[in-house]
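# Residue-level structure breakdown
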Amino acid sequence: MNSKTFCVAPFIGVEFRKNGRLGPCCRYAYIKKDVDWNFRNYDQWWEEYLTPMREELLNGIEHTGCQNCWRDEQLGIKSYRESLNEEFVTYTNLTAPLPAPIHQMYNYGNFCNLKCIMCSPFASSQLETEFKQNKSKFNAINVDYQFTTEIKWFRTDEFNKSKQKLLPGAEQILIQGGEPFLSPDVLDLFREIQHPENVILTIISNMTTFTDEIVDLLSKFKHVRLVVSLEGVGKYNNYLRYGSEWDVIVSNIDKSLAMPNLDFSIAHTFQRTSLTCWIPIFKWALDRNIPLRTNILDHPMHLSVNGATAEEKNAFLHDAVELYNVFNNEYDTIMSDTGYKPKPEMAIRFQRLTLLSNLKSHIERFKTYVESVVYNHDDNLQFWRYVDLLDELRDTKLSSLFNTIHRPV
Ligand SMILES: C[S@@+](CC[C@H](N)C(=O)[O-])C[C@H]1O[C@@H](n2cnc3c(N)ncnc32)[C@H](O)[C@@H]1O
Ligand code: SF4
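Scanning the chain from N- to C-terminus turns up 15 helices and ten strands. A compact globule built from 409 residues would reach a C-alpha radius of gyration of about 22 Å, and the chain, at 22 Å, matches this within 12%. Principal-axis analysis of the C-alpha atoms places the extent of the chain at approximately 65 × 55 × 50 Å. Out of the 409 residues belonging to the chain, those deemed buried represent 33%. Contacts spanning at least 24 positions in sequence make up 73% of the contacts within the chain whose residues lie at least 6 apart.

Near ligand 1, the surroundings consist of 17 residues, among which Ala123, Gln176, Asn206, Ser229 and Asp298 are the closest. At the level of elements, strand S6 (200-205) and strand S9 (262-270) are the ones that each hand at least two residues to the shell around ligand 1. Counted by class, the shell around ligand 1 contains seven nonpolar, eight polar and two charged residues.

Attention shifts here to the site of ligand 2. In the vicinity of ligand 2 there are 13 residues, among which Cys112, Cys116, Cys119, Ser124 and Asn206 approach most closely. Here the residues of the shell around ligand 2 sort into five nonpolar, five polar and three charged.

With that settled, consider the sheet that holds strand S5 (residues 172-176). The strand order across the open sheet built from eight strands is S2-S1-S3-S5-S6-S7-S9-S10, with neighbouring strands paired in mixed fashion. Single-partner strands in this sheet number two, and they are strand S2 (22-23) and strand S10 (292-296). As judged from the four bridges shared by strand S1 (residues 13-16) and strand S3 (residues 103-107), these two strands associate in the parallel manner. Paired with Gly13 across the bridge in S3 is His103.

As a further point, take helix H5 (residues 125-133). Taken together, the buried positions of H5 are Ser125, Leu127, Glu128 and Phe131. Along H5, the residues classed as buried sweep out an arc of 155° about the axis, all on the same side. Counted as exposed and oriented over 90 degrees from the buried face of H5: Thr129 and Gln133. Those residues of H5 that are buried lie in contact with strand S4 (115-116) and helix H6 (135-140).

With that settled, consider helix H8 (residues 184-192). Taken residue by residue, H8 has Val186, Leu189 and Phe190 as its buried positions. All buried residues of H8 project into a common sector of 100° when viewed along the axis, lining one side. Opposite its buried face, H8 presents the exposed residues Pro184, Asp188, Arg191 and Glu192, each directed more than 90 degrees away. Buried-residue contacts for H8 involve S3, S5 and helix H9 (212-218).

Right, let's talk about the pairing of S1 for a bit. Along S1, one buried face is formed by Gly13 and Glu15 and the opposite face, lined by Val14 and Phe16, is buried too. Where S1 and S2 come together, two bridges link them in antiparallel fashion. The residue bridging Phe16 from the neighbouring strand is Leu22, located in S2. What sits between S1 and S2 in their antiparallel hairpin is a turn of five residues, with Gly20 showing a positive phi close to 85°.

Attention now goes to unusual backbone geometry. A negative phi angle is the norm for most residues apart from glycine, just as the trans form is the norm for most peptide bonds. Cis geometry marks the peptide bond from Gly177 to Gly178; its omega dihedral reads 20°. Residue position: Gly178 is located in the loop between S5 and H8. Residue Pro300 is bonded to the preceding His299 through a cis peptide linkage, with omega at -5°. Tracing the backbone shows Pro300 in the loop between S10 and helix H13 (310-336). Of note, the phi angle at Met207 is positive, near 60°, even though the residue is not glycine.

What the domain assignment lists for the chain is domain 1 (9-99), domain 2 (107-299 + 378-400) and domain 3 (309-372). Taking the mean C-alpha position of each, domain 1 and domain 2 sit 23 Å from one another. Listed as interface residues are eight residues of domain 1 and, on the opposing side, twelve residues of domain 2. Here the side of domain 1 that touches domain 2 is composed, by residue class, of three nonpolar, two polar and three charged.

Conventions used here
Residues numbered from 1 in each chain as written. Chains lettered and ligands numbered in written order. Predicted model: local features only at pLDDT ≥ 70, side-chain atom pairs only at ≥ 80, totals over all residues. Helix = DSSP H or I, 4+ residues; strand = E, 2+ residues; numbered from the N terminus. Rg over C-alpha atoms; globule rule 2.2 N^0.38 Å. Buried ≥ 20, exposed ≤ 12 C-beta atoms within 10 Å, placed from the backbone. Contact = placed C-beta atoms within 7 Å. Near = placed C-beta within 6 Å. Nonpolar A, V, L, I, M, F, W, Y, C, P; charged D, E, K, R; others polar. Pairing = 2+ DSSP bridges. Arc of directions from axis to C-beta. Domains from an automatic or database assignment.

Next up, the structure:
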């Protein structure tokens, strides 16, 4: 086995995507579009498609569909492949793949109440409606989407048959969406799991809804990993995750933190506006001892850091260095204190040093990433066309919030 390319995902995992298509994990990108692998040909996909992929990854070949992981690794960011391999390090059955994957991900369509700036109509029904009602305006700035006709694939008999076969084998179930906590089908799925006490559940949510019914359902699982997506604090949240209110999210987060079987983390999608918002959200999370994971925006490129000017990048780099120095000074102070400490104090000291070291490397990675991005003027122009249209449709104004993002002259 070649550890530089090996990934456990095609041995243990399946993802049912928002449109009913299949993937071994959520980061996978098909290159050849010759076969439409979807919930109808699940068995054939598990055998025919995944077998050569497994062989490539075992034998040192960078399988093309795994490009998102190779990119992250090149940027020095921990890839999903590395995280999965770490989590399933004891899984060694690499010759006879399982009859049912133990790592199962379900995305039941695009039902969602928000219109996040970087998201798409494929993941948000609100964005789908906004796009369809204003198609000519989006097309005029070269933004278009082709929709599949079968949107409620997860209510078909064919999917139900596969699900009945797969669910009993699940050790981990992952749900995103759309917005999972708003979907009656997702809540039904929670109820269908016969032994939730044996299952680890991971949910990615916008946390605008967290009812007592949801708390009750979640409390039955062996463990819940709740990942809440946040792009900014306060008014920045309300603009970037349009349709949400910061105070409501914070109060729902507080409610979830009281659950004993739940651990909580934040996911941030690093994009152009992150040059302003990432450090404040990072500090907000740190003040509450909440871990933060940062992913780089997949698409569209005009919302990425590519279109950011030197002024925006320099402001970010300045703040990043400042924050790095704060952590570094504390790290050095703790290290310089070499006097005798009782055991419990030593353990706390060790924990703090580990945390500070992780924080320092997290900042360093994103500092290096921002420094490496080459300015693209077309992406900058398209950024403004896109946000101008969103601002017009939503009666908002990006420039009144972001004072380092200026319109190109
Ligand atoms: C599509 S959302 C669905 C779950 C839920 N509605 C939420 O927002 O957490 C899943 C994750 O994808 C992220 N995401 C949205 N648009 C993205 C993009 N263009 N590139 C990368 N990640 C993106 C979101 O921030 C979120 O963490
Ligand atoms: S809440 Fe999630 S699915 Fe909804 S628009 Fe935002 S990122 Fe997309």
